[in-house]
Amino acid sequence: MQLLSLKSCLSLFLALLYCNACAEPASSRIEGNAGSCLQSESFGTFNEPWAMAFLPDGDLLVTEKGGTLLLVKPDDRSRVPVQGVPEVAYGGQGGLGDIILHPQYKDNDWIYLSYAEQGASGKRGAVVARARFRPALAGPKLENLEVIWRQEPKVSGNGHYSYRLAFSPDGHLFITSGDRQKQTPAQSWRESLGKVIRLNADGSVPPDNPFQDKGELAKTFWSLGHRNLLGIAFDKQGQLWTHEMGPRNGDEFNLTIGGDNYGWPIVSWGDHYSGLPIPDHDTRPEFNAPEIYWVPTVAPSGLILYSGSLFPEWQGNAFIGGLRSQSLIRIRIEGKQAEEVERFSMEKRIREVEQGPDGSIWVLEDTQGGRLLRLSK
């Protein structure tokens, strides 16, 4: 048997030491197509997770579409069901949806939930409720729950609820209200489908909303002509950004301006699922065209405008989860302009994106067994 020389042994030892120090499991390293690299860490799996919100102490509230709200502690990866969650109409795209905190949560304990509700006729619609969250370790619960908004009218089917929530810098509550796969209501003043809604934090209607002469319901509208909006966020300039799924391709990323009409279902950069064409946006300049559109589809879901210190070079960038594209998409925003600049292949459908207290990026994978992932450098 040939013995290795001392020099060869030393070289082999140093090589092994280098590999052990630098190598990472393939599943934990995520590379973007512009050269960025993220490290992912799993904090467990969930049953059809849909949304999450960080509490001031760093714990998380996570919604599962079937109707469960969980208090999750990242430090020990424990989770406890929250009591007092309302009954939801689970099925299709509906169930328990978004969750956010009131801007003054530390003082008032208010959280906001969206979910699907079934009426006496069997038809369904989106609902937004607020409640006080009591995080007692022995049994976290919701108290004083009250519904502050309902989609009008309730309709048949289980699609396009949208019901994403965000607070503006001046304290107004914004709600995305999908077209419920009915298309034409997105242009109707008598239906809240296919709209972005603007309310006060208690559900009352601000007197300065843009549509004051189109009827009582229209006074709640911020914008119209939308399809299925699954992302909403404000940038540091106070501009509102939303994204929505197109029909067959044509997903949109929009600077969403009060009083504007975004054209659905009259125009789109996509086509109907049947293959029938829809006039392109540039044929009807009176409608607000998207800042970015995607053909083929990315199926966007979840949205943050990044403001953390962990990735200072990305401050002001948007991050969008991709369902069909199984990706995390980074978008550079400059003023009123936006462009996709990087895409991370996640190899799973991404339902939700949030920013952690330390500036890390957290995502929820879609469907049963979807993981909660923390993304860092």
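To keep things clear, this report deals only with the structure shown in the data block. (Residues numbered from 1 in each chain as written. Predicted model: local features only at pLDDT ≥ 70, side-chain atom pairs only at ≥ 80, totals over all residues. Heavy atoms only, no water.)

## Digging into the overall build of the protein
Here's step 1: Scanning the protein from N- to C-terminus turns up two helices and 25 strands.
Here's step 2: Expected size for 377 residues packed as a compact globule is a radius of gyration near 21 Å; at 22 Å, the protein falls within 12% of this value.
Here's step 3: Referenced to the eigenvectors of the C-alpha coordinate spread, the extents of the protein come out at roughly 90 × 55 × 40 Å.
Here's step 4: Taken over 377 residues, the protein has a buried fraction of 53%.
Here's step 5: Taking the intrachain contacts of the protein between residues at least 6 apart in sequence as the baseline, contacts between residues at least 24 apart amount to 56%.
Here's step 6: Accessible surface, the protein: about 16700 Å² in total, of which carbon and sulfur atoms supply 49%.
Here's step 7: Charge centroids of the protein, computed over 38 positive and 45 negative side chains, lie 3 Å from each other. (Helix = DSSP H or I, 4+ residues; strand = E, 2+ residues; numbered from the N terminus. Rg over C-alpha atoms; globule rule 2.2 N^0.38 Å. Buried < 20%, exposed > 50% of the residue type's maximum accessible area, 1.4 Å probe, protein only. Contact = heavy atoms within 4.5 Å. Areas by Shrake-Rupley, 256 points an atom, 1.4 Å probe, with all protein chains shown as cover. Lys, Arg positive; Asp, Glu negative; His and termini not counted. Charge placed at Lys NZ, Arg CZ, Asp CG, Glu CD.)

## Some remarks on the environment of His102
Here's step 1: Secondary-structure assignment places His102 in the loop between β7 (96-101) and α2 (105-108).
Here's step 2: For the pair His102 and Ile292, spaced 190 residues apart in sequence, the C-alpha separation works out to 30 Å.
Here's step 3: Not counting residues within four places of it along the chain, the set of residues in contact with His102 comprises Asn108, Trp110, Tyr112, Phe167 and Ala201.
Here's step 4: A polar contact is formed between the side chain of His102 and the backbone nitrogen of Gln104, at a distance of 2.9 Å.
Here's step 5: A distance of 3.2 Å separates the side chain of His102 from the side chain of Asn108, its partner in a polar contact. (Polar contact = N/O pair within 3.5 Å; in protein donor to acceptor, adjacent residues only side chain to side chain.)

## Observations concerning the sheet that holds strand β9 (residues 124-134)
Here's step 1: Read from one edge to the other, the open sheet built from four strands follows the order β7-β8-β9-β10, with strand pairing classed as antiparallel. A single partner strand is all that each edge strand has here, and the edge strands are β7 and β10 (141-150). Shown here is a sheet whose adjacent strand axes are inclined to one another by a mean of 25°, direction ignored.
Here's step 2: Judged from the seven bridges that link them, β9 and β10 form a sheet pairing that is antiparallel. Its bridge partner being in β10, Val127 is matched across the sheet by Arg150. (Pairing = 2+ DSSP bridges. Axes fitted to C-alpha atoms, helices over the stretch in contact; angles between N-to-C directions.)

## Focus: the sheet that holds strand β16 (residues 240-245)
Here's step 1: An order of β15-β16-β17-β18 is seen for the four strands of this open sheet, with the pairing classed as antiparallel. Strands with a single pairing partner mark the edges of an open sheet, and in this sheet they are β15 (228-234) and β18 (292-294). Adjacent strand axes in the sheet meet at a mean angle of 15°, parallel and antiparallel pairs treated alike.
Here's step 2: As paired strands, β16 and strand β17 (residues 251-255) are joined by four bridges and run antiparallel to one another. Within β17, the residue paired with Trp241 across the bridge is Leu255.

## Considering the pairing of strand β2 (residues 37-47)
Here's step 1: The sheet contact formed by strand β1 (residues 29-31) and β2 spans three bridges and is antiparallel. Looking at the pairing, Arg29 lines up with Gln39 of β2.
Here's step 2: What sits between the antiparallel neighbours β1 and β2 is a turn of five residues, in which Gly35 has the positive phi angle 100°.
Here's step 3: One ladder, built from seven bridges, connects β2 with strand β25 (residues 368-376); its direction is antiparallel. The partner of Ser42 across the bridge, within β25, is Leu373.

## Considering the packing of aromatic side chains
Here's step 1: Considering all chains together, one arrives at 16 aromatic pairs under this definition.
Here's step 2: Centre to centre, the rings of Phe43 and Trp362 are 4.8 Å apart; their planes meet at 45°, and the pair counts as tilted. Within this pair, whereas Phe43 is found in strand β2, its partner Trp362 is found in strand β24 (residues 361-365), the two being separated by 319 residues in sequence. Per residue, the accessibility class of Phe43 equals that of Trp362, and both read buried. (Phe/Tyr/Trp six-rings, centres within 6.5 Å; stacked < 30°, edge-to-face > 60°.)

## Thoughts on the pattern of salt bridges
Here's step 1: If you walk through the whole model with that rule in mind, you get 23 salt bridges.
Here's step 2: For the salt bridge of Glu313 with Lys377, the shortest nitrogen-to-oxygen distance reads 3.8 Å. A residue pair is termed long-range when its members are at least 10 positions apart, and Glu313 in the loop between β19 (300-305) and β20 (318-322) and Lys377 in the segment after β25 qualify at 64 residues.
Here's step 3: Put simply, Asp109, Arg134, Lys141 and Glu143 are held in one network by salt bridges that share partners. (Salt bridge = Lys/Arg side-chain N within 4 Å of Asp/Glu carboxyl O.)

## Some details on the environment of Leu113
Here's step 1: Positionally, Leu113 belongs in strand β8 (residues 110-118).
Here's step 2: Separated by 168 residues in sequence, Leu113 and His281 place their C-alpha atoms 34 Å apart.
Here's step 3: Not counting chain neighbours up to four residues away, the residues in contact with Leu113 comprise Thr63, Pro86, Leu96, Asp98, Ile99, Val127, Val128, Ala129, Leu142 and Leu165.

## What to know about the nonpolar core
Here's step 1: The biggest cluster of nonpolar side chains holds 49 residues, and the ones touching the most others in it are Leu61, Tyr112, Phe133 and Leu142.
Here's step 2: Membership of the second largest hydrophobic core comes to 16 residues, among which are Trp314, Ile350, Val363 and Leu375. (Core = buried A, V, L, I, M, F, W, Y, C linked by side-chain atoms within 4.5 Å.)

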